[in-house]
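This is what each chain is made of:
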Amino acid sequence: MNRRAVLTLGAAGVLSACVQQAAAVRLGPDGQPLPQVYKIEPGTENEVSFRLLDAVNSLRRAQNAPPLAFNAALNAAAATHARDMSVQNRPWHFGSDGSSPLTRVQRVGYTGALKGELISETFETELVTLAAWMKQPDTRGVILDPSAREIGFSWFQEPSGKIWWCLVTGG
């Protein structure tokens, strides 16, 4: 009898957790879940960066491409451009001063060859953004470029939650 009571209470607990979880999801007028703002908390910056690097290197490994390693200069170029896109309020590859990706990596002292730059304006996670980049042949090519050896990755998050992502590869 006690076993049955424990199983019944356990099942009720699981179901109530499901109901509470379902109530937390807000639906839009089309009945689909509304996007949730991804807030990057202070102190989690390394987790976000290394989560992306691990995912990129997993994708590259599946294509027999060599892994990428973070480069401080490329990280600085990515950080500068992410913030600048926010200031300009548009995702594009030119800086507010007219700089190109090549100019930005040269300014931070990167001596390797620029391989590519990816940008995004979103409220979504770094892994969702990476998945979106992988869906497009041109951006997927930057991520999987076998001649790339280094990566710079950064973002700027506005108080509204909007995130400006920037990824730069070099070799």
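About the criteria used
- Residues numbered from 1 in each chain as written.
- Predicted model: local features only at pLDDT ≥ 70, side-chain atom pairs only at ≥ 80, totals over all residues.
- Heavy atoms only, no water.
- Helix = DSSP H or I, 4+ residues; strand = E, 2+ residues; numbered from the N terminus.
- Buried < 20%, exposed > 50% of the residue type's maximum accessible area, 1.4 Å probe, protein only.
- Contact = heavy atoms within 4.5 Å.
- Core = buried A, V, L, I, M, F, W, Y, C linked by side-chain atoms within 4.5 Å.
- pLDDT = per-residue confidence, 0-100.
- Pairing = 2+ DSSP bridges.
- Axes fitted to C-alpha atoms, helices over the stretch in contact; angles between N-to-C directions.
- Expected span 1.5 Å × (residues − 1).
- Polar contact = N/O pair within 3.5 Å; in protein donor to acceptor, adjacent residues only side chain to side chain.
- Phe/Tyr/Trp six-rings, centres within 6.5 Å; stacked < 30°, edge-to-face > 60°.
- Lys NZ or Arg CZ within 6 Å of the ring centre and 35° of its normal.

Undergrad: What am I meant to see in the overall build of the chain here?
TA: Scanning the chain for helices and strands turns up six helices and four strands. Shown N-terminal to C-terminal, the secondary structure of the chain runs as helices and strands in the order α-α-β-α-α-β-α-α-β-β. Expressed as a percentage of its 171 residues, the buried residues of the chain come to 37%. Counted over contacts in the chain with a minimum sequence separation of 6, partners at least 24 positions apart contribute 66%.

Undergrad: Which parts of the structure should I look at to understand the nonpolar core?
TA: Within soluble globular proteins, side chains that are nonpolar tend to cluster in buried spots. Among the nonpolar cores identified, the biggest contains 21 residues, and Ile143 and Trp165 are the most heavily contacted of them. The set of elements that each furnish at least two residues to this core consists of helix 2 (45-62), helix 5 (126-135), helix 6 (137-144), strand 3 (150-157) and strand 4 (163-170). The element contributing the most residues to this core is helix 2, with four residues. The next biggest cluster of nonpolar side chains, apart from the first, holds 12 residues, and it includes Ala73, Val105, Ile119 and Val168.

Undergrad: I'm lost on the confidence of the model for the chain in this one. Help?
TA: Low-confidence regions, as indicated by low pLDDT, have predicted coordinates that should not be scrutinised in detail. In this model, the chain carries an average pLDDT of 87, and 85% of its residues clear a pLDDT of 70 or more. In the predicted structure, residues 1-23 sits below a pLDDT of 50 and forms zero contacts with residues beyond four places in sequence or in another chain.

Undergrad: Is there a simple way to explain the sheet that holds strand 4 in this structure?
TA: To summarise the sheet geometry, strands pair through backbone hydrogen bonds and adopt either a parallel or an antiparallel arrangement. The four strands are arranged 1-3-4-2 in an open sheet whose pairing can be described as mixed. Edge positions in the open sheet fall to strand 1 (69-70) and strand 2 (114-122), since each of these has one partner strand only. With two bridges joining them, strand 1 and strand 3 adopt parallel strand pairing. The partner of Ala69 across the bridge, within strand 3, is Glu150. Strand contacts of helix 2: strand 1, strand 3 and strand 4, with the helix running at about 135° to strand 3, the strand carrying the most contacts. Its contacts with the sheet put helix 6 on strand 2 and strand 4, and the angle it makes with strand 2 is roughly 125°.

Undergrad: Just to check I follow, could you spell out helix 3 (residues 72-88) for this structure?
TA: Residues three or four positions apart in an α-helix share a direction because the helix packs 3.6 residues into each turn. Look at helix 3: 24 Å from first C-alpha to last across 17 residues, which is about the 24 Å you get at 1.5 Å a residue. Looking at the buried residues of helix 3, the elements they touch are helix 4 (101-107), strand 2, strand 3 and strand 4. Backbone nitrogen of Ala73 and a side-chain oxygen of the N-cap are separated by 2.9 Å at the start of helix 3; the cap is Asn71. Remark: Asn89 follows helix 3 within two positions and exhibits a positive phi of approximately 55°.

Undergrad: Which parts of the structure should I look at to understand the pairing of strand 3?
TA: Where a strand is regular, its side chains alternate between the two sheet faces. With six of its eight residues buried, strand 3 lies for the most part within the structure. Bridging between strand 3 and strand 4 involves eight bridges; their strand directions are antiparallel. In the sheet register, Gln157 faces strand 4, and the bridge partner there is Ile163. Remark: five residues form the turn of the hairpin made by strand 3 and strand 4, two consecutive strands paired antiparallel; Gly161 in that turn has positive phi of roughly 105°.

Undergrad: I keep staring at the packing of aromatic side chains and nothing clicks. Help me out?
TA: The relation between two aromatic rings is expressed through the spacing of the ring centres and the mutual angle of the planes. In the structure shown here, the tally under the stated rule is five aromatic pairs. Both rings, one in Trp92 and one in Phe94, keep their centres 5.4 Å apart while their planes meet at 65°; by these two values the pair is edge-to-face. A relative accessible area of 39% means that Phe94 is categorised as partly exposed. Members of the aromatic cluster, each reached through a chain of ring pairs, are Phe153, Trp155 and Trp165. Its end group placed over the ring of Trp92, Arg90 keeps NZ or CZ at 3.8 Å from the ring centre.

Undergrad: How do you make sense of the environment of Ala82 when you look at a structure like this?
TA: Note that Ala82 resides in helix 3. A residue is classified by how much of its surface remains accessible, and Ala82, at 0% relative accessible area, is buried. Sequence separation between Ala82 and Ile119 is 37 residues; the distance between their C-alpha atoms is 7.9 Å. Beyond its immediate sequence surroundings of up to four residues, Ala82 is in contact with Ser154, Trp155, Phe156, Trp164 and Cys166.

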